[in-house]
Amino acid sequence: MGDGEERAGGRQVWLDRRQVRVLAHPLRTRLLGALRVRGPATATVLAELLDTNTGATSYHLRQLAEVGLVVEEPGRGTGRQRWWRAAHDVTSWENTDFDDDPDARAAIEWIQAEQVRHFVEHAERWFAARAEWSPQWRDAFGMSDALLTIPAGRLKELQHEMWRVVERYRAEADPQEPGAEQVQIFLASLPLLLGRKP
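1. Points about the packing of helix α3 (residues 26–38) against helix α4 (residues 43–50)
Right, on to step 1. Across the interface, α3 lies against α4 with an axial gap of 11 Å and an inter-helix angle of 105°. Taken as axis vectors, α3 and α4 run roughly perpendicular relative to one another. In contact with L27, R30, L31, A34, L35 and R38 of α3, α4 contributes L46, L49 and L50.
Right, on to step 2. Split by residue class, the contact of α3 with α4 holds seven nonpolar, no polar and two charged.

What follows is the structure, encoded as structure tokens:
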């Protein structure tokens, strides 16, 4: 999520109605995620990685390409073999962007629910495997929460500031640095609904 200035930033896409409808599909979200995490790949490689068939993978990659979420990797591939890459590193939107479009709103709600499912699965895999990691990494990984009582405008400021910190660390990251690992950071801010009546 971001403001107008962030909308214009480099490898970030601000979802439009067409893109959100296309992205609201289980295989498409997984394809886009795999391309962002692992880099350029063919439909065959992605099908094997995601345990699906090449025909379905090719079809859904073309759907993502039609709305500019993935692009062909120039200078790679021979004949019918096409290489694809994610067109952006970050996907953004505001929760109110689609208030006047019930179909797009339903699509974004599905995408957000999918993000939560992904987080839960990711956390469960980590809990199952954490004993295999060094004490240093076990201490570095983790979750925390905080309770604040602030107005909506201040919460938006906080989110923007936290995002800027993450972006700074991403820009400074060196994948070749000894001991570097790929990590995923989830940022969420939700209302405390305890005892609140709608």
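2. Observations concerning the pattern of salt bridges
Right, on to step 1. This structure, assessed with the given rule, holds ten salt bridges.
Right, on to step 2. A salt bridge links D89 to R11; the nearest nitrogen and oxygen atoms lie 3.1 Å apart. Taken together, the positions of D89 in the loop between β4 (83–86) and β5 (90–92) and R11 in the loop between α1 (4–7) and β1 (12–14) put the pair 78 residues apart, joining distant regions of the chain.
Right, on to step 3. Overall, the relative accessible area of 36% leaves R11 in the partly exposed class.
Right, on to step 4. Its salt-bridge partner being E72, residue R82 comes within 2.8 Å of it at the nearest N-O pair. Here E72 lies in strand β3 (residues 70–72) and R82 lies in the loop between β3 and β4, a separation of ten residues in the sequence.
Right, on to step 5. Salt bridges here are not isolated pairs; linked through shared partners, they connect R17, R21, D100 and D101.

3. Overview of the packing of α3 against helix α5 (residues 54–66)
For any two helices packed against each other, the geometry comes down to the angle between their axes and how far apart the axes lie.
Right, on to step 1. Following both chains from N to C, one finds α3 and α5 inclined at 80°, their axes separated by 10 Å at the closest point. One way to sum up the angle between α3 and α5 is to call them roughly perpendicular. Contact with α3, carried on its side by L27, R28, L31, L32 and L35, involves A56, T57, Y59, H60, L61, Q63 and L64 of α5 and no other residues of that element.
Right, on to step 2. Its residues assigned to classes, the contact of α3 with α5 comprises eight nonpolar, three polar and one charged.

Basis of the calculations
Residues numbered from 1 in each chain as written. Predicted model: local features only at pLDDT ≥ 70, side-chain atom pairs only at ≥ 80, totals over all residues. Heavy atoms only, no water. Axes fitted to C-alpha atoms, helices over the stretch in contact; angles between N-to-C directions. Helix = DSSP H or I, 4+ residues; strand = E, 2+ residues; numbered from the N terminus. Parallel < 35°, antiparallel > 145°, perpendicular 65-115°, else oblique. Contact = heavy atoms within 4.5 Å. Nonpolar A, V, L, I, M, F, W, Y, C, P; charged D, E, K, R; others polar. Salt bridge = Lys/Arg side-chain N within 4 Å of Asp/Glu carboxyl O. Buried < 20%, exposed > 50% of the residue type's maximum accessible area, 1.4 Å probe, protein only.

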